[in-house]
Amino acid sequence: MARPKIALIGAGQIGGTLAHLAALKELGDVVLFDIAEGVPQGKALDIAESGPSEKFDAKMKGTNDYADIAGADVCIVTAGVARKPGMSRDDLLGINLKVMKSVGEGIKTHAPKAFVICITNPLDAMVWALQKFSGLPPHMVCGMAGVLDSARFRHFLAEEFDVSMKDVTAFVLGGHGDTMVPSVRYSTVAGIPLPDLIEMGWTTKEKMDAIVQRTRDGGAEIVGLLKTGSAFYAPATSAIEMAEAFLKDQKRVLPCAAYCDGEFGLKKTYVGVPTVIGKGGIERIVEIKLTKDEQAMFDNSVAAVKGLVDACKAIDESLA
Ligand code: A3D
């Protein structure tokens, strides 16, 4: 049986880490694509040369030609630019929108059956654009953000309670940005919800509020420390978790930017919601009941995403 084929569009910090993780986990053969000549080829060769020590046989190929992603089962998209000093959000939106157009067309032509995971920012708007330009079914195109945001939340909670990260579950809803909604009520330690842990005296509401805010600011905290780029280890790990759920039909329940049409009262909108990922892509959206407060925060987040998508539509029309 042929090994699955994993195409990584963008061979920067996250792309290279994705290739390394996919190889270590033997998820399939990897094609690293980038417009920068030599970078994907160099990274692919470097990772392939770690195979004898790590004992993996996955094939690594670096390329500047979309034809090489032909028939990919999974495409993970990190192509684009990150915000630099002096650049407005709209500047970034315009540049990355054009990148999503070329990536979407490349996927449409060469890998139309793939499960596509977008990581490029601004996430919720870029996944919308990628689905539009690729024309792939919405349940096969999603965005990675919730797995990362909830992993950050889980890490902070495990530190606060001094328990294993394995026993902490956490829930994050909404868009990937300042308006994301980390849910205290649905986050647990071994099934015990956080509000119960506050009552049990394990922590305080003030400490939980601070952790929620740190989760919202999780990306900025890393940017502030690195100074020359944004997070890449945990973002890559999160996307690999989603790719593995698809390739192994694991039916994982993972939060991600998914296409809602009816769910949560939304119409044709990409936003962060809990989903089930299996061989059918986004197989189900888990429509949890929100409290009044949570609904208000979620609505605020959806409005922020809608603003970005509307800006994309305006830029796209002006370019047409
Ligand atoms: P970086 O190391 O700059 O890699 C981006 C790569 O994209 C570079 O190698 C570029 O050459 C390449 N590229 C640019 N234009 C194209 C194109 N048209 N076609 C193919 N490749 C192209 O960035 P990174 O890997 O650190 O981050 C990638 C993206 O992920 C950025 O947009 C980040 O903002 C975003 N990001 C998202 C999260 C989320 O949680 C959603 C977290 C961290 C980073």
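Every chain is numbered on its own, with residues counted from 1 as its sequence reads. Per-residue local features of the predicted model are confined to residues with pLDDT of at least 70, and side-chain atom pairs are confined, for both listing and counting, to 80 or more; whole-chain, interface and lining totals are unaffected and use all residues. Note that water and hydrogens are dropped before the side-chain values are worked out from all heavy atoms of the structure.

- Per an unreviewed UniProt entry, the chain goes by the name Malate dehydrogenase and belongs to Roseicyclus mahoneyensis.
- On record in UniProt, under Catalytic activity (unreviewed entry), the comment for the chain is "(S)-malate + NAD(+) = oxaloacetate + NADH + H(+)".
- UniProt positions are given in the numbering used here, feature names are shortened, and annotations may be inferred rather than shown by experiment. Recorded under Sequence similarities (unreviewed entry), the UniProt text for the chain is reproduced unchanged: "Belongs to the LDH/MDH superfamily. MDH type 3 family."

1. So, the pairing of strand β12 (residues 281-285)
In step 1: When strand β11 (residues 269-278) meets β12, the two strands line up antiparallel, connected through 4 bridges. Considered in β12, the bridge of Thr-275 is made with Ile-285.
In step 2: Two strands are counted as paired when DSSP detects at least two bridges linking them. Numbering goes from the N terminus for both helices and strands, where a helix is a DSSP run of H or I of at least four residues and a strand is a run of E of at least two. With antiparallel pairing between neighbouring strands as the criterion, β11 and β12 make up a hairpin whose turn holds 2 residues.

2. Thoughts on the packing of helix α5 (residues 123-134) against helix α11 (residues 292-319)
In step 1: Every angle, taken between N-to-C directions, lies between 0 and 180 degrees, and every axis is a line fitted to C-alpha atoms, over only the stretch in contact when it is a helix. Viewed as axis vectors pointing N to C, α5 and α11 meet at an angle of 45°, and their least axial separation amounts to 8 Å. Comparing their axes, α11 and α5 come out oblique. Seen from above, α5 lies across α11 with right-handed handedness. Residue-level contacts link Asp-124, Ala-125, Met-126, Trp-128, Lys-132 and Phe-133 of α5 to Val-305, Leu-308, Val-309, Cys-312, Lys-313 and Asp-316 of α11.
In step 2: For the contact of α5 with α11, a count of residues per class yields 8 nonpolar, no polar and 4 charged. With respect to orientation, any angle under 35 degrees is reported as roughly parallel, any angle over 145 as roughly antiparallel, any angle of 65 to 115 as roughly perpendicular, and every other angle as oblique. Handedness of a crossing is defined here by the sense of rotation of the near helix relative to the far one, left-handed for an anticlockwise turn of less than a right angle and right-handed for a clockwise turn. The contact criterion used throughout is that any non-hydrogen atoms of two residues lie within 4.5 Å. Lys, Arg, Asp and Glu make up the charged group, whereas Ala, Val, Leu, Ile, Met, Phe, Trp, Tyr, Cys and Pro make up the nonpolar group; the residues left over, Gly among them, are polar.

3. A short note on the environment of Phe-115
In step 1: If you trace the backbone, Phe-115 turns up in strand β5 (residues 115-118).
In step 2: Under the scheme applied here, a residue whose accessible area is under 20% of the maximum for its type counts as buried, over 50% as exposed, and between as partly exposed, the area being computed with a 1.4 Å probe on protein chains only. Phe-115 gets classed as buried once you look at its relative accessible area, which sits at 0%.
In step 3: Between the C-alpha atoms of Phe-115 and Gly-281, which are 166 residues apart in sequence, the distance is 6.2 Å.
In step 4: Once residues within four sequence positions are removed from consideration, Phe-115 is found in contact with Asp-73, Val-74, Cys-75, His-139, Met-140, Cys-142, Met-242, Phe-246, Ile-277, Gly-281 and Ile-282.

4. Brief notes about the side chain of Ser-134
In step 1: Topologically, Ser-134 is positioned in helix α5.
In step 2: What makes Ser-134 buried here is its relative accessible area of 4%.
In step 3: Here Gln-131 takes part through its backbone oxygen, which lies 3.4 Å from a polar atom of the side chain of Ser-134. For the purposes of these results, a polar contact is taken to be a pair of N or O atoms within 3.5 Å, where, inside protein, one atom must be able to donate a hydrogen and its partner to accept one; residues adjacent in sequence count only when each atom of the pair is a side-chain atom.

5. A short note on the sheet that holds strand β7 (residues 168-173)
Strand pairing in a sheet relies on backbone hydrogen bonds. The paired strands run either parallel or antiparallel.
In step 1: Pairing within the open sheet is antiparallel, and its 3 strands lie in the order β7-β8-β9. Edge positions in the open sheet fall to β7 and β9 (192-193), since each of these has one partner strand only.
In step 2: In this sheet, strand β8 (residues 181-189) lies alongside β7 in antiparallel orientation, the contact comprising 5 bridges. Counted as the bridge partner of Phe-171 is Ser-183 from β8.
In step 3: The sheet strands contacting helix α6 (residues 146-161) are β7 and β8, and the helix crosses β7 at an angle near 140°.

6. A closer look at the domain arrangement of the chain
In step 1: With domains assigned, the chain is organised as domain 1 (5-144) and domain 2 (146-310).
In step 2: The start and end points of each domain follow an automatic or database-based domain assignment. Once you take the C-alpha centre of each, domain 1 and domain 2 turn out to be 23 Å apart.
In step 3: At the junction of the two partners, domain 1 supplies 32 residues and domain 2 supplies 33 residues.
In step 4: Interface area, domain 1 with domain 2, both sides summed: about 2800 Å², of which 77% is carbon and sulfur. Each of two parts loses accessible area, computed with a 1.4 Å probe, when they are put together; buried area is these two losses added.

7. A short note on the packing of α6 against helix α8 (residues 205-216)
In step 1: It is the contact of α6 with α8, at a shortest axis distance of 9 Å, that shows an interaxial angle of 145°. The way α6 lies across α8 gives a crossing that is right-handed. Across from Asp-149, Phe-153, Phe-156, Leu-157, Glu-159, Glu-160 and Phe-161 in α6, the residues of α8 making contact are Lys-207, Met-208, Ile-211, Val-212, Arg-214 and Thr-215.
In step 2: Taken together, the residues of the contact of α6 with α8 break down into 7 nonpolar, 1 polar and 5 charged.

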